[in-house]
Amino acid sequence: MNVIKLEHVSKTFGRETDGVHAVRDVTIHIAPGEIFGIIGYSGAGKSTLVRCINLLERPTAGTVTVDGQELTRMPERELRQARKKISMIFQLFNLMPSRTVEQNVAFPLKGSGLSREETRRKVLELLELVGLPDKAEAYPSQLSGGQKQRVAIARALASDPKVLLCDEATSALDPQTTQSILRLIKDINQKTGITVVVITHEMAVVKEICHRVAVMDKGRVVEEGSVFEVFSNPQQPVTRSFIATTSNLGKIEELIAANDPIVAVKPGEIVARLNYGQSNVSEAAISEVSRRFNVDVSIIFSNTEILDGQPLGGLVALISGDKVGEAIGYLSEKNVMVEVLKRG
Amino acid sequence: MGDLLSSIIPNVVARAPQFWKACQETFQMVGIVGLLSVFIGIPFGVLLFTTKPGGILQNRPIYFVLNKICDIFRSIPFILLAMILLGLSRLVMGTAIGVKGAIIPLTFATVPFLGRQIEGALAEVSEGLVEAAQAMGCSPWEIVWRVYLKEATPGIARGVTITLVSLINFTAIAGAIGAGGLGNFAIQYGHQKSLPDIMWTVLLLIVVMVSLVQAIGNAVVKKTTH
Ligand SMILES: Nc1ncnc2c1ncn2[C@@H]1O[C@H](COP(=O)(O)OP(=O)(O)O)[C@@H](O)[C@H]1O
Ligand SMILES: [Mg+2]
């Protein structure tokens, strides 16, 4: 049973013929308790897609079902009711400047039937949860970016939602604050089982907290799977370029283009990028191949990290010896992806 | 005290009853029309803003009409507007002179003025707040109350202040065409009878009134800005 089901969702702004096709035929199913990432460059249609989940944007085609209710079929009034179970946080926090932190968090509780006392208690509990128990009386203008996002998260949780949508929720924050906010979201997900959809253009965010990820490009989902699958074995150029942005393995192309002495090759030598395509291979494969085929592997860059508890990454190396070709063949058999970048 | 006043502003003291009556009339006009403009002007401005294309209550015909009304009435100089509305005033209020006769022209001048101010104040509210409220399941009217009006309070206070200041100004002009009040008093005695102390007293009083309105407005703005 999926908590979010997008079936063939499209959104066109303007006319079908010459409008902007922001989202094209997207089908995504998200399971309860999952943290699902949607990554893509600016303009890929991520915000539009996420706004289709709570129908702030009405899809021009397709259906949206959240928690068993088909939102695309609902009249406005019912839809507003359903939205209370789908919370959202934003890049610029969107807190009400004229209200205190407490009043901001209590905003969605109006009309919920809670008494003043109950509301207050609930708000204080939420502020405790997000780590701001002493800021109830403060105004948003008195808070840092990270604190504002914490308040926004508390407000988002006030209506006991099933789903939390995060549209670039950490994009306005510095890396350290980003980490702390992501950790908070992860914590809340574990504690409450809330389903989280994370929109971002930052690879690091997806790696940090997502279980599954969809890569968006020009309005389409071009790749989807577990974070490990997608990033260890990227199929699409966009996905690869995302990986290149966070890993220094991408820098080798620049060095080669600049004819840097580091990558100068003699005849018979090659510069190759090796990516560990599977969890069971690691640097050990390199030393093995070096021994077996009597090749020298001198590492120029290495970039390995642990994702979902599995090592992911690779290295760029200068490989020389008589049996370079066989060495490469062997590595490929061992599920190491080899990309020869330069031959001597 | 009385002696002192008689020596500084002899002509005002000599016409004390007329002077007090003029003061009262001005206060009445500013009070009544001020309230009317707030109660009509704010909803007018809210509709003007929200029915605009892309607004949360977007409605082309309503916006078109309101926007035109606003443009037309704002472009007519007050003195001409007052004359044009003499007939309507007679019809509705039963008279075209005195405080009663001034209410309609003054209201027609201030409502569109305040409406535009309110429109501008609401435009200052970040779209993100509206989006957040929509995502929380708020209806358009809830958004008007809980987001636009609440978050634009400082801007609205500023708009009301400017409107009241203009209103004080308009009442003086209305005085010239039979509405009574301080404007009339100044013209009748200060100007036509060349009694400078009357002119200066009225001037000072109006400056004090405007300063007072402005000071209260500023205090409200300060108190509601966080
Ligand atoms: N309300 C709108 N009207 C017209 N075009 C829009 C609107 N919202 C988004 N777009 C267009 O849709 C495309 C996708 O935008 P968006 O979903 O914001 O991308 P992302 O969040 O991935 O940066 C862009 O080309 C953008 O200009
Ligand atoms: Mg976006």
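Just so you know, these numbers come straight off a predicted model, no measurement behind them.

### Brief notes about the overall build of chain B
Across its full length, chain B carries twelve helices and zero strands. Its helices and strands taken in sequence order, chain B reads α-α-α-α-α-α-α-α-α-α-α-α from the N to the C terminus. Each principal axis of the C-alpha atoms in chain B carries an extent, and together these give about 70 × 40 × 25 Å. In chain B, which comprises 226 residues, the proportion classed as buried is 48%. When contacts within chain B are restricted to residue pairs at least 6 apart in sequence, long-range pairs at least 24 apart make up 71% of them. Taken as two groups, the 15 positive and 10 negative side-chain charges of chain B have centres that lie 6 Å from each other.

### Here we look at the sheet that holds strand β14 (residues 336–343) of chain A
Residues and elements named next belong to chain A. The sheet built from four strands is open, its strands ordered β12-β13-β11-β14 with antiparallel pairing. A single partner strand is all that each edge strand has here, and the edge strands are β12 (296–307) and β14. Sheet twist, expressed as the average angle between the axes of neighbouring strands with direction ignored, equals 15 degrees. Judged from the seven bridges that link them, strand β11 (residues 270–276) and β14 form a sheet pairing that is antiparallel. By the bridge assignment, Ile270 is partnered in β14 with Arg343.

### Examining the domain arrangement of chain A
Residues and elements named next belong to chain A. Per the domain assignment, the segments making up chain A are domain 1 (4–245) and domain 2 (249–343). Taken residue by residue, the interface counts seven residues in domain 1 and ten residues in domain 2. Carbon and sulfur atoms supply 63% of the area that domain 1 and domain 2 bury against each other, a total of about 790 Å² over both sides. Summed over the three residues of domain 1 that lose the most area to domain 2, namely Lys207, Phe228 and Ser232, the buried surface amounts to 68% of that side.

### Details of the interface of chain B and chain A
Counting residues at the interface gives 17 residues for chain B and 21 residues for chain A. Here chain B and chain A share an interface that buries about 1900 Å² over both sides, 59% of which is from carbon and sulfur atoms. For chain B, the biggest contributors to the area lost against chain A are Met136, Arg146 and His226 of chain B; these three give 37% of the whole. Counting across the chain B and chain A interface gives two salt bridges.

### Description of the nonpolar core
Core analysis: the biggest nonpolar cluster contains 58 residues, and Ile28 and Leu71 of chain A together with Val147 and Ile156 of chain B have the highest contact counts within it. When residues no more than four places from it in sequence are discounted, the contact partners of Ile28 of chain A are Ile4, Lys5, Leu6, Phe36, Ile38, Leu49, Ala214 and Val221 of chain A. One finds Val123, Leu173, Val198 and Val206 of chain A within the second-largest nonpolar core, a separate group that totals 52 residues.

### Points about the site of ligand 1
All names here are of chain A. The environment of ligand 1 is made up of Phe13, Val20, Ala22, Tyr41, Ser42, Gly43, Ala44, Gly45, Lys46, Ser47 and Thr48. Contact between ligand 1 and Ala44: an oxygen atom at 3.2 Å from a main-chain N or O atom of the residue. Note that an oxygen atom of ligand 1 is positioned 3.0 Å from one of the backbone N or O atoms of Gly45. For ligand 1, whose accessible area on its own is 560 Å², the fraction buried by protein is 58%. Within the residue set of the shell around ligand 1, elements represented by two or more residues are β2 (20–30) and α1 (46–53). When the residues that make up the shell around ligand 1 are grouped by side-chain class, the tally is five nonpolar, five polar and one charged.

Calculation notes
- Residues numbered from 1 in each chain as written.
- Chains lettered and ligands numbered in written order.
- Predicted model: local features only at pLDDT ≥ 70, side-chain atom pairs only at ≥ 80, totals over all residues.
- Heavy atoms only, no water.
- Helix = DSSP H or I, 4+ residues; strand = E, 2+ residues; numbered from the N terminus.
- Buried < 20%, exposed > 50% of the residue type's maximum accessible area, 1.4 Å probe, protein only.
- Contact = heavy atoms within 4.5 Å.
- Lys, Arg positive; Asp, Glu negative; His and termini not counted.
- Charge placed at Lys NZ, Arg CZ, Asp CG, Glu CD.
- Pairing = 2+ DSSP bridges.
- Axes fitted to C-alpha atoms, helices over the stretch in contact; angles between N-to-C directions.
- Domains from an automatic or database assignment.
- Buried area = accessible area lost by both parts, 1.4 Å probe.
- Salt bridge = Lys/Arg side-chain N within 4 Å of Asp/Glu carboxyl O.
- Core = buried A, V, L, I, M, F, W, Y, C linked by side-chain atoms within 4.5 Å.
- Near = heavy atom within 4 Å.
- Polar contact = N/O pair within 3.5 Å; in protein donor to acceptor, adjacent residues only side chain to side chain.
- Areas by Shrake-Rupley, 256 points an atom, 1.4 Å probe, with all protein chains shown as cover.
- Nonpolar A, V, L, I, M, F, W, Y, C, P; charged D, E, K, R; others polar.

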